[in-house]
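# Chains, contacts and geometry: an overview
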Amino acid sequence: MGGRTVSGRPYVAIDLEAIEGNASAVVRLCAGHGIRVIGVTKATAGLPDVARAMLRGGVAGIGESRLRNVERLRRGGVDTELTLLRIPSLSAADAIVESFQVSLNSELDVLAALSEASLRRGTVHDVVVMVDLGDLREGLWPDELPAFMRDAARLPGVRILGLGTNLSCYAGVVPSAENMGRLVAYVEEAERVLERRLVRISGGSSSALPLVAAGAMPARVDELRIGEGILLGRETTHRAPIAGTRQDAFTLHAEVIELKRKPSLPVGERAQSAFGATPAFEDRGLIDHAIVNVGRADVDLESLRPVDPRLSILGASSDHLILDATATRGEVRLGDRIAFSLGYGALLAAMTSPYVDARLVSRDSAAGRAPG
């Protein structure tokens, strides 16, 4: 089932060539429609090697949501335009101006704080004003836009580059020609207020890639912020692969720490599990239980899959992931390393877990050097 671990710690194997190739494919797709790509590294906790792979693939800059991740990028020598994706905290205005060239904004008081911070530093901070098109996450409701733009235009030290939106992340609203057309209409309304042309229309994330591929994205949308589309090679409305990309850039490896033949049904009176659920069980007689050394503290079970289709996930506690290994007919052994493919949630959890290592690997190896 694979080689033995050395330290015993679970790790995510990262194929930088796959990430670079995926970035290149997404950049080519978007460039054909006049759209620049911001590569989003937040699911890898700002890993500099991943950012550099994206940049080699042609992204125009890097998007991040955490100041700590940006510090990691800078320590790793990543020198490019950085965009703050999460709406800025009022209390972090100085750090944001120091760390990011661009931020996405929806609060006038925060813009005023960014203005003051920029003036103190003798610089100008670029801003994309976010508009909510119905997904109900961040952004101005459209009727707020004219007054907001008038007030924002009076603030020195900040420059409004354009408008942006976010879809799919919260309510699952799908980007369409209709709602992207509304974004363009709001851009034109903002331009009438400002009496100048806006130069950046940020139309969303990986969920917008099918619209681009179909040739239905309105022409004025000129930027997308792409994380999963590059990292995992999938769009995010139906998780369909993107043409020319790979879906195996990240693989979780965990060690078998217990292997026992046990009943498939629990024995005794049952109540809630440690996580407040009452799990369902199917009577399959005696089965081979394989426990590996990751758990809910490290991964999202919903988007985690064993690479070997003969294995299935039964459940997990904080520290243990329990597999049914019966179909492998004894091939799984204590100490073996089990490989898992990762969805976005599992990748984000594993890469931000302090208990899971990250290793850079070649395409032909399951071991490699740890990134800095």
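All of these numbers come straight from a predicted model, not from anything done at the bench.

Criteria and thresholds
- Each chain has its residues counted from 1, following the order in which its sequence is written.
- Thresholds applied to this predicted model are a pLDDT of at least 70 for local features of residues and 80 or more for the giving and counting of side-chain atom pairs; totals over whole chains, interfaces and linings are not thresholded and use all residues.
- Computation of side-chain values covers all heavy atoms of the structure but excludes hydrogens and water.
- What counts as an axis is a line fitted to C-alpha atoms, over the stretch in contact for a helix, and the angles between N-to-C directions run from 0 to 180 degrees.
- Helix and strand labels come from DSSP, where a helix needs a run of H or I of at least four residues and a strand needs a run of E of at least two; each type is numbered from the N terminus.
- Any angle between 65 and 115 degrees counts as roughly perpendicular, while under 35 counts as roughly parallel, over 145 as roughly antiparallel, and the rest as oblique.
- In this scheme the handedness of a crossing depends on how the near helix is turned from the far one: anticlockwise by less than a right angle means left-handed, clockwise means right-handed.
- Whether two residues are in contact is decided by their heavy atoms: any pair within 4.5 Å suffices.
- Put simply, Ala, Val, Leu, Ile, Met, Phe, Trp, Tyr, Cys and Pro go in the nonpolar bin, Asp, Glu, Lys and Arg in the charged bin, and everything else, Gly too, in the polar bin.
- Only protein chains enter the accessibility calculation, which uses a 1.4 Å probe. A residue is then buried if its area is under 20% of the maximum for its type, exposed if over 50%, and partly exposed in between.
- Salt-bridge detection follows one rule: a side-chain nitrogen of Lys or Arg within 4 Å of a carboxyl oxygen of Asp or Glu.
- Residues enter a nonpolar core if they are buried and are Ala, Val, Leu, Ile, Met, Phe, Trp, Tyr or Cys, with the set joined through side-chain atoms within 4.5 Å.
- Residues forming no salt bridge and having over 30% relative accessible area are the ones grouped into patches, like charges within 9 Å of each other and nonpolar side chains (Val, Leu, Ile, Met, Phe, Trp, Tyr) within 5 Å.
- Computed by Shrake-Rupley with a 1.4 Å probe, the accessible areas treat only the displayed protein chains as cover when residues are assessed.
- None of His or the chain ends enter the tally, which takes Lys and Arg as positive and Asp and Glu as negative.
- Here the site of a charge means NZ on Lys, CZ on Arg, CG on Asp, or CD on Glu.
- Between 30 and 60 degrees the pair is tilted, below 30 it is stacked and above 60 it is edge-to-face, where a pair is any two Phe, Tyr or Trp rings, Trp via its six-membered ring, whose centres lie within 6.5 Å.
- Whether a charge sits over a ring comes down to the Lys NZ or Arg CZ being within 6 Å of the ring centre and within 35 degrees of the ring normal.
- For every residue, the predictor assigns a confidence score, pLDDT, that lies between 0 and 100.
- Polar contact criterion, stated in full: a pair of N or O atoms within 3.5 Å, where within protein one must be able to donate a hydrogen and the other to accept it, and residues adjacent in sequence count only if both atoms are side-chain atoms.

### A closer look at the packing of helix α1 (residues 16-31) against helix α2 (residues 48-56)
- Two elements in contact, α1 and α2, have axes whose closest approach is 7 Å; the angle formed by their N-to-C orientations is 40°. The angle between α1 and α2 falls in the class oblique. Two packed elements cross with a definite hand, and for α1 against α2 that hand is right-handed. Between α1 and α2, the contacting residues are L16, I19, E20 and A23 on the first element and D49, V50, A53, M54 and R56 on the second.
- Residues of the contact of α1 with α2, tallied by class, amount to six nonpolar, no polar and three charged.

### Notes on the environment of I38
- Here I38 lies in strand β2 (residues 36-40).
- Relative accessible area serves as the criterion here: at 1%, I38 is assigned to the buried category.
- The sequence separation of I38 and I291 amounts to 253 residues, and the corresponding C-alpha distance is 39 Å.
- Beyond its immediate chain neighbours, meaning those up to four positions away, I38 contacts A60, G61, I62, G63, E81, T83, E223, L224, R225 and I226.

### Some thoughts on the pattern of salt bridges
- Summed over the entire model, instances satisfying the criterion amount to 23 salt bridges.
- Measuring nitrogen to oxygen at the nearest pair gives 2.9 Å for the salt bridge that ties R310 to D308.
- Judged by relative accessible area, D308 falls into the buried class, the value being 16%.
- Across the pair R310 and E331 runs a salt bridge, and its minimum N-O distance is 3.1 Å. Pair noted here: R310 is in the loop between β12 (304-306) and β13 (312-316) and E331 is in the loop between β14 (321-324) and β15 (337-342), with a separation of 21 residues, a long-range link.

### A closer look at the nonpolar core
- Grouped together as the largest cluster of nonpolar side chains are 95 residues, with contacts concentrated most on I14, I19, L163 and F250.
- Core analysis: the next-biggest nonpolar cluster, separate from the first, contains seven residues, V40, L85, V102 and L161 among them.

### Notes on a negative patch on the surface
- Where like charges cluster on the molecular surface, the negative patch consists of E107, D109, D143 and E144.
- Relative to the helices and strands, D143 is located in the loop between β6 (125-130) and α6 (145-153).

### Overview of the packing of aromatic side chains
- One pass over the structure, following the stated rule, counts zero aromatic pairs.
- In this structure, R359 packs its charged tip against the face of Y11, placed 4.0 Å from the ring centre.

### Things to note about a nonpolar patch on the surface
- A cluster of nonpolar side chains, namely L136, W141 and Y170, defines an oily patch on the protein surface of about 380 Å² accessible area.
- Along the polypeptide, L136 turns up in the loop between β6 and α6.

### As for unusual backbone geometry
- For L136, which is not glycine, the phi torsion reads 65° and is therefore positive.
- Even without being a glycine, S168 presents a positive backbone phi close to 80°.
- Topologically, S168 is positioned in the loop between β7 (158-164) and α7 (177-194).
- On the basis of relative accessibility, which here comes to 16%, the residue S168 falls in the buried class.

### Considering the confidence of the model for the protein
- Across the protein, the average pLDDT comes to 93, with 95% of residues at or above 70.
- Here residues 364-368 scores under 50 on pLDDT; set against residues more than four positions off or in separate chains, the count is 10 contacts.

### Some words on the side chain of E223
- Tracing the chain through its elements places E223 in strand β9 (residues 223-226).
- A polar side-chain atom of E223 sits 2.7 Å from a polar atom in the side chain of S202.
- When near neighbours in sequence (up to four residues on either side) are disregarded, E223 contacts I35, R36, I38, R200, I201, S202, G203 and G204.

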